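A closer look at the structure
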Amino acid sequence: MNLRLISLIMVVVVFAVACGAMSFLSGGGITLEQAYDSNQVEITQQTAAGTIPHIVAITNNGSKPVMVDKGTLLKSKESQDLVIITDKKVSPNNNDTVQAYCIEPDQKAVSGATLNPSGTSSSQVKQIIDSSNPSNLQNATQSQLQIWIIVGKGNVDVYGGEAMAVVQNQNIKYYQLQEKLDTAKRSVMSRFNLTSAEIQNISFTVESSNSASTFISDLRQWFKNNLGI
C-alpha cells in the first residue's frame with residue numbers, strides 16, 4: 001500500500017479521535033478562541049479603569065455552547081489586556097459575564113472596548129488566580145498586584161495607566177499602592193522561591209502549548225499543506 005495513503009489514514013484516525021475527545025471534554029461546546037475565530041462570539045470590556053476584578057461580557061451568537069476557561073488571555077487595541085479568572089459555559093444565542101484581572105498596568109481599561117482571546121497565562125499566574133478571592137476587594141487587589149509584579153518583572157509604575165486608576169478608585173495614596181506592590185513582590189518571591197533578579201525571568205504567558213486544540217490546529221495546517229484542503 002502507498003506510504004502516503006497509509007500516513008493519510010493514520011492522520012485522519014488521530015484527527016477524529018482528537019476531535020471526539022475535545023467534544024466530549026467540552027460537553028459539545030467549543031472554546032472561546034474557536035468561537036472568536038469563526039465570528040460566533042463578541043467579547044466586551046464592561047468595567048471602568050481601576051476596577052478589581054474587571055467584568056467582561058461574552059455574547060455567544062453561535063449554535064454551540066462556548067467554553068470560557070480560567071487563565072485565558074484577552075487583548076485589546078483600545079483597552080488594557082486581561083486574564084480571565086472564572087470558568088464559564090455560555091449557552092448558544094445567549095450572553096454572560098466573566099471576571100478578569102488586568103495584565104497591563106500601564107494601560108487604562110476602556111469600558112465598551114472589544115477584546116479577543118490570545119493564548120493562556122503561565123502556571124504562576126494561574127496559581128495566583130486559583131488562590132484569589134475576587135469577591136473580597138482586599139484579597140483581589142493583592143492577587144492583582146502579584147500578577148502585575150510578574151508582568152512588570154518586579155517593577156510597576158504607580159503613576160500611570162491602570163495602576164493610577166486603582167489609586168483613584170480605591171481612594172488611597174500613591175505611596176500606599178507602592179507599599180502594597182512591595183508586599184506583593186515579597187509574596188511572589190516567597191511563593192515561587194525566587195530572588196529579586198529571578199522575577200525578571202518569569203513569563204506571564206505559556207511559551208508553548210501541547211493542548212489538543214493546538215494539535216488539531218497543526219493537523220488542519222498539515223491537510224492544507226499536503227492536500228490543498
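Now for a quick tour of the structure. (Residues numbered from 1 in each chain as written. Predicted model: local features only at pLDDT ≥ 70, side-chain atom pairs only at ≥ 80, totals over all residues. Heavy atoms only, no water.)

It is worth spelling out unusual backbone geometry at this point. Glycine aside, residues mostly have negative phi, and peptide bonds are mostly found in the trans state. Omega for the bond connecting Ile-52 with Pro-53 falls within 30 degrees of zero, at -10 degrees, which places this linkage in the cis form. Note on placement: Pro-53 falls in the loop between strand 2 (41-45) and strand 3 (54-60). One non-glycine residue with positive phi stands out, namely Asn-171, at about 55 degrees. Take Asn-171: it is sitting in the loop between helix 5 (161-169) and helix 6 (174-191). Look at Asn-171 and you get exposed, because its relative accessible area is 71%. Despite not being glycine, Asn-193 shows a phi value in the positive range, around 55 degrees. As for its position among the elements, Asn-193 is in the loop between helix 6 and helix 7 (212-227). (Helix = DSSP H or I, 4+ residues; strand = E, 2+ residues; numbered from the N terminus. Buried < 20%, exposed > 50% of the residue type's maximum accessible area, 1.4 Å probe, protein only.)

Ranked by internal contacts, the top residues of the largest apolar core, which has 47 residues, are Leu-32, Val-56, Ile-58 and Ile-147. Here the element with the most residues in this core is helix 4 (residues 137-151); it accounts for seven residues. Residues within four places of Val-56 in sequence aside, it is in contact with Ile-43, Thr-44, Gln-46, Leu-74, Leu-82, Asp-96, Thr-97, Val-98, Ala-100 and Leu-115. (Core = buried A, V, L, I, M, F, W, Y, C linked by side-chain atoms within 4.5 Å. Contact = heavy atoms within 4.5 Å.)

These figures capture arrangement, not role.
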